[in-house]
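# Coordinate analysis (summary)
Listed here are the chains, written in short residue letters.
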Amino acid sequence: MTQVEVPHAPDGQARTRTATVVAGGLVTVGVEEEFLLVDELSRSVVPRAAAVLAGAAHLGPTVQQEMTLFQVETTSSVCATMGALHDELTALRRTVDGLARRNGMRINATGTAVLGHPPTPPITDAPRYRRIAERFGSLIDGQSICGCHVHLGVSDPESALRVMNHLRPWLPTLLAMSANSPFWHGRDTRHASWRYLIFGRWPTAGPPPHFDSVEDYDAAVRTLLRSGAALDRGMIYWDVRRSCRHPTVELRVCDVAATVDDAVLIAALTRALGVQALLGGRPRRVVSQCELRAALWRAAHDGLEGRGVDVFNGRTVRAFSLVERLVQQVRGELADSGDLDMVLDLVARLRSRRSGAYRQRVAFAERGNLVDVVDLLSAQTVA
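All of the points below concern the structure found in this document. From a predicted model like this one, the values you see are computed outputs, not experimental measurements. (Residues numbered from 1 in each chain as written. Predicted model: local features only at pLDDT ≥ 70, side-chain atom pairs only at ≥ 80, totals over all residues. Heavy atoms only, no water.)

### What about the overall build of the chain?
Our working rule: Secondary structure elements follow DSSP: runs of H or I no shorter than four residues count as helices, runs of E no shorter than two count as strands, and numbering proceeds from the N terminus. Atoms considered for the radius of gyration are the C-alpha atoms alone. The globule rule reads 2.2 Å times the number of residues to the power 0.38. Residue exposure (1.4 Å probe, protein chains only): buried if accessible area is under 20% of the type maximum, exposed if over 50%, otherwise partly exposed. What sets the accessible areas is the Shrake-Rupley method with a 1.4 Å probe; for residues, cover comes only from the shown protein chains. Positive residues here are Lys and Arg, negative ones are Asp and Glu, while His and the chain termini are left out of the count. Charge positions are represented by NZ for Lys, CZ for Arg, CG for Asp and CD for Glu.
Looking only at helices and strands, the chain has 14 helices and 15 strands in total. For 383 residues, the compact-globule formula gives about 21 Å, and the C-alpha radius of gyration of the chain, at 20 Å, lands near that figure. Projected onto its principal axes, the C-alpha positions of the chain cover 60 × 50 × 45 Å. Among the 383 residues that make up the chain, the fraction classed as buried is 58%. By element, 52% of the accessible surface of the chain is carried by carbon and sulfur atoms, the whole surface being about 15000 Å². Between the averaged position of the 44 positive side-chain charges in the chain and that of its 41 negative side-chain charges there is a distance of 4 Å.

### A short note on the packing of helix α13 (residues 356–367) against helix α14 (residues 370–381)
As a reminder, the rule being used: All axes here are fitted lines through C-alpha atoms, helices being fitted over the stretch that makes contact, and every angle between N-to-C directions spans 0 to 180 degrees. Our angle categories are set so that under 35 degrees counts as roughly parallel, over 145 as roughly antiparallel, 65 to 115 as roughly perpendicular, and the remainder as oblique. Crossings are assigned a handedness: left-handed for a near helix turned anticlockwise from the far helix by less than a right angle, right-handed for a clockwise turn. Whether two residues are in contact is decided by their heavy atoms: any pair within 4.5 Å suffices. Residues are sorted three ways: Asp, Glu, Lys and Arg are charged, Ala, Val, Leu, Ile, Met, Phe, Trp, Tyr, Cys and Pro are nonpolar, and all the rest, Gly among them, are polar.
Viewed as axis vectors pointing N to C, α13 and α14 meet at an angle of 140°, and their least axial separation amounts to 7 Å. Considering their axes alone, α13 and α14 lie oblique with respect to each other. Crossing of α13 against α14: the hand is right-handed. Contacts between α13 and α14 involve R359, Q360, A363, F364 and R367 from the former and L370, D372, V373, L376, L377 and Q380 from the latter. Residues belonging to the contact of α13 with α14 are distributed by class as follows: six nonpolar, two polar and three charged.

### With respect to the packing of helix α5 (residues 171–178) against helix α9 (residues 289–302)
Think of two packed helices as two axes; the pair is described by the angle between the axes and how far apart they sit. Running from N to C, α5 and α9 cross one another at 10°; their axes reach a closest spacing of 8 Å. Classified by the angle between their axes, α5 and α9 sit roughly parallel to one another. Touching L171, P172, L175 and A176 of α5 are L292, A295, L296, A299 and A300, all from α9. Looking at the contact of α5 with α9 residue by residue, the classes come out as nine nonpolar, no polar and no charged.

### Some remarks on the packing of aromatic side chains
Where two aromatic rings form a pair, the distance of their centres and the angle of their planes describe that pair. Put simply, the test is: Note on ring pairs: Phe, Tyr and Trp rings are taken, using the six-membered ring of Trp, and paired if centres are within 6.5 Å. Classes follow the plane angle, with under 30 degrees stacked, over 60 edge-to-face and the rest tilted.
Under the defined criterion, the tally for this structure stands at eight aromatic pairs. Between W202 and Y237 the ring centres are 5.7 Å apart and the planes differ by 80°, which places this aromatic pair in the edge-to-face class. Linking W202 in the loop between α6 (194–199) and α7 (214–227) with Y237 in the loop between α7 and β12 (240–242), this pair joins segments that are 35 residues apart in sequence. Here the two residues W202 and Y237 agree in accessibility, since each one is buried.

### What to know about helix α12 (residues 340–353)
Rule in force here: By definition here, a helix of n residues has an expected span of 1.5 Å times n minus one. An arc is given here, and it is the one of the directions from the helix axis to the C-beta atoms.
With 14 residues, α12 extends 20 Å between its outermost C-alpha atoms, agreeing within 8% with the 20 Å of an ideal straight helix rising 1.5 Å per residue. Looking at α12, one finds that the buried residues are L340, V343, L346, V347 and L350. An end-on view of α12 places all buried positions within 130° of arc, on one side of the element. Facing away from the buried side of α12 by over 90 degrees, the exposed positions are D341 and S352. In this fold, the buried residues of α12 make contact with α5, α8 (260–278), α10 (319–329), α11 (331–337) and α13. Where α12 ends, the next residue or the one after it, R354, has phi of about 70°, a positive value.

### Points about unusual backbone geometry
A positive phi angle, close to 65°, is found at R43, a residue other than glycine. Following the sequence through the fold, R43 ends up in the loop between β5 (29–39) and α1 (49–55). A residue is classified by how much of its surface remains accessible, and R43, at 23% relative accessible area, is partly exposed. Of note in this structure, R354 is not a glycine but carries a positive phi near 70°. Mapping R354 onto the fold places it in the loop between α12 and α13.

### Some points on the environment of L171
Examined against the element boundaries, L171 turns out to sit in helix α5. Judged by relative accessible area, which is 0%, L171 ranks as buried. Sequence-wise, L171 and V240 are 69 residues apart; in three dimensions their C-alpha atoms are separated by 8.4 Å. For L171, the contacting residues outside a window of four places in its chain are P207, P208, D239, V240, L251, V253, L292 and L296.

### Comments concerning the layout of surface pockets
The probe, sized like a water molecule, is rolled over the atoms to show the empty space still left. Filter applied, for reference: For each structure, a 1 Å grid was placed over the protein atoms alone; sets of points admitting a 1.4 Å probe that cannot get out are labelled cavities, open sets with protein on both sides within 12 Å along at least five of seven lines are labelled pockets, and lining residues have an atom within 4 Å of a point. Grid points are joined across faces, edges and corners, and a volume is the space filled by probe spheres set on the points.
Of the volumes computed, that of the largest pocket is approximately 570 Å³. Lining the largest pocket are 25 residues, and of these E34, E66, R128, Y129 and R252 lie nearest its centre. Those elements giving two or more residues to the lining of the largest pocket turn out to be β5, β6 (63–65), β7 (71–75), α3 (127–136), β9 (147–153), α6 and β13 (248–255). For the lining of the largest pocket, the class distribution of residues is seven nonpolar, seven polar and eleven charged. Taken as a whole, the second largest pocket holds about 320 Å³ of empty space. Along its surface, the second largest pocket is lined by 16 residues, and L161, R162, N165, H210 and R282 are the ones closest to its centre. Taken together, the elements giving at least two residues each to the lining of the second largest pocket come down to α4 (157–167) and α8. Of all the elements, α4 adds the most residues to the lining of the second largest pocket, at five residues. The class makeup of the residues in the lining of the second largest pocket is six nonpolar, six polar and four charged.

### Thoughts on the side chain of E33
Here is the rule we go by: In protein, a polar contact means a hydrogen-donor-capable atom and an acceptor-capable atom, both N or O and within 3.5 Å, with residues adjacent in sequence counting only if both atoms are side-chain atoms; elsewhere, any N or O pair within 3.5 Å suffices.
By the element assignment, E33 lies in strand β5. When its relative accessible area of 1% is taken as the criterion, E33 is described as buried. A distance of 2.6 Å separates a polar atom in the side chain of E33 from a polar atom in the side chain of R93. Sequence-distant contacts of E33, defined by excluding residues within four places in its chain, comprise V72, E73, T74, L89, R93, G147, V256 and A263.

Given below as structure tokens:
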């Protein structure tokens, strides 16, 4: 931990605060991405994760199993710069897609399966997954869904809590930016992120409360464990949480990003918010659970192409204006880390390309054929 002078504190005053400084930047970042496996010919999801994992055995924990056999997960190393993260995510996607292609498959970066999904997905044969399936029954039926988890290197519980509380009001904006799951069971759900609503069925999912102390946080976790709503700390599925495995704060609200650019943009903004919290930034007010859940549903429904809820005043506004407001909120932190120009460029690209959900719908609209959506996903996942 190092003392740093920050000229762009949230209230406009220069401050000195304690923050984690690594390799000239503030706070390390790691990203986990989950992908669906689709057959190259039928374009339906296929339960063949074992074939990909066998080919990836030499890569160690960078390629891992997920709950269902339709999925694989990649895990980046701990990165100090967004450039390094971009290169690594690009390489991981291409490597895993190459392994899939050797076995007649492709990987798709989408929150939900577009084609082919049996009522009960085949579960990976691992003791923990079997216990979850036994306890929670049909809740696992929707688990072939894919998210993106951003880990911020925050080493102590008090700092982690500050970061969590600071991220809470921005969870709907980050979800809208990542929205990439409009189709499910071969039909349009009329939502931009159907994955978020499916995952919300779990008793520990959704936004965490605002916690006033680490003791309050730990007490809430104990309550969920004692009640049986979670089998272990890994099942505390809040949209942002303290990781139970790493000294990190883990953002879990997002769909798996359609492209590497989208993933890096989300990671950069998340890190900037985390740095702002560590340097003394606080939300303008505590947003209630009711307000936050309503805003998250609107983000899941509209994505970037409709309207979103400004949680600080309750009004609905253009969804993309909330992205612009987020960038403005952390502009100083982005400048300090050297990420500002990159973020402005990626935001401009996102404005031009629009959300992953929108792109999927455009692909479908051309011929009314969901095969075209899968082909788009296969191409842009590794573009």
